[in-house]
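Chain residues, written in single-letter form:
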Amino acid sequence: MLSLAGKRVFLACGHTDMRKSINGLAAIVEGSFKLDPCDGAVFVFCNRSRDRIKILEWDGDGFWLHFKRLEKGHFRWPTSGEEQTLVLTGEELSILLGGTRVALKLRREELLGKRIT
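Residues numbered from 1 in each chain as written. Predicted model: local features only at pLDDT ≥ 70, side-chain atom pairs only at ≥ 80, totals over all residues. Heavy atoms only, no water.

As annotated in an unreviewed UniProt entry, the chain carries the name Transposase and is attributed to Desulforamulus ferrireducens.

Student: Would you take a moment to explain the packing of aromatic side chains for this structure?
Tutor: The geometry of two aromatic rings is summed up by the distance between their centres and the angle between their planes. Under the criterion given, the structure shown has 3 aromatic pairs. Measuring from ring centre to ring centre gives 5.5 Å for phenylalanine 10 and phenylalanine 43, while their planes differ by 15 degrees; the resulting arrangement is stacked. Taken together, the residues phenylalanine 10 in strand β1 (residues 9-12) and phenylalanine 43 in strand β2 (residues 42-46) connect sequence positions 33 residues apart. When the centroid spacing of 4.9 Å and the interplanar angle of 70 degrees are considered together, the rings of tryptophan 58 and phenylalanine 63 count as edge-to-face. (Phe/Tyr/Trp six-rings, centres within 6.5 Å; stacked < 30°, edge-to-face > 60°. Helix = DSSP H or I, 4+ residues; strand = E, 2+ residues; numbered from the N terminus.)

Student: Just checking my understanding: could you explain the pairing of strand β4 (residues 63-69) for this structure?
Tutor: Regular strands show a simple pattern: their side chains alternate between the two faces of the sheet. Pairing geometry for strand β3 (residues 52-58) and β4, over 7 bridges, is antiparallel. Note that in β4 the partner of lysine 54 across the bridge is phenylalanine 67. The hairpin formed by β3 and β4 contains 4 residues between the paired strands, and glycine 60 there has a positive phi angle of roughly 110 degrees. (Pairing = 2+ DSSP bridges.)

Student: Sorry, what's going on with the environment of glutamate 83 here?
Tutor: Relative to the helices and strands, glutamate 83 is located in the loop between β4 and β5 (85-88). You can call glutamate 83 exposed: its relative accessible area is 55%. C-alpha separation for the pair glutamate 83 and glycine 14, spaced 69 residues apart in sequence, amounts to 9.7 Å. (Buried < 20%, exposed > 50% of the residue type's maximum accessible area, 1.4 Å probe, protein only.)

Student: Teacher, can you tell me more about the pairing of β1 here?
Tutor: Of the two faces of β1, the one carrying Val9 and Leu11 and the one carrying Phe10 and Ala12 are both buried. The sheet contact formed by β1 and β2 spans 3 bridges and is parallel. By the bridge assignment for β2, leucine 11 is matched with valine 44. The sheet contact formed by β1 and β5 spans 4 bridges and is antiparallel. Along β5, the bridge assignment pairs valine 9 with leucine 88.

Student: Where do I start with the nonpolar core in this structure?
Tutor: Soluble globular proteins tend to bury their nonpolar side chains together. Core analysis: the largest hydrophobic core is formed by 15 residues, its most contacted members being Val9, Val44, Ile53, Trp77 and Leu93. For this core, the elements supplying multiple residues, two or more each, are β1, β2, β3 and α2 (90-112). Apart from the residues within four sequence positions on either side, valine 9 is in contact with Leu4, Val42, Val44, Leu86, Val87, Leu88, Thr89, Gly90 and Leu93. (Core = buried A, V, L, I, M, F, W, Y, C linked by side-chain atoms within 4.5 Å. Contact = heavy atoms within 4.5 Å.)

Student: When you look at the sheet that holds β4 in this model, what are you seeing that I'm missing?
Tutor: The strand order across the open sheet formed by 5 strands is β4-β3-β2-β1-β5, and the pairing between neighbours is mixed. Where the open sheet ends on each side, the last strands, each with one partner, are β4 and β5. For this sheet the average axis-to-axis angle between neighbouring strands, irrespective of direction, equals 20 degrees. Where β2 lies against β3, 5 bridges are found, and the strand directions are antiparallel. By the bridge assignment for β3, valine 42 is matched with glutamate 57. (Axes fitted to C-alpha atoms, helices over the stretch in contact; angles between N-to-C directions.)

See the structure below:
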């Protein structure tokens, strides 16, 4: 179970090859980001079409690899630029992960002519 309480969240800007599993993602964290994947932080990766994410989490004695695939829509994701990672709070990550549901709800209410408050 993904636990974000008190954890730093590093978002990998741009896209990541989703064929990578725990070892491949941990190698990206160490090699590209110059961070320790075992320091208790959460690392979030997204594919090119932004409809799949993987979250790498160390829980003290092993890694968790969380995966989510959207059936509709896509995640709003920062492009790669000068920064390879973006630091988020757990709350910001929750908003990012739930953003498609909010956008779909808003779009549905706009279509139905409901007032959005």
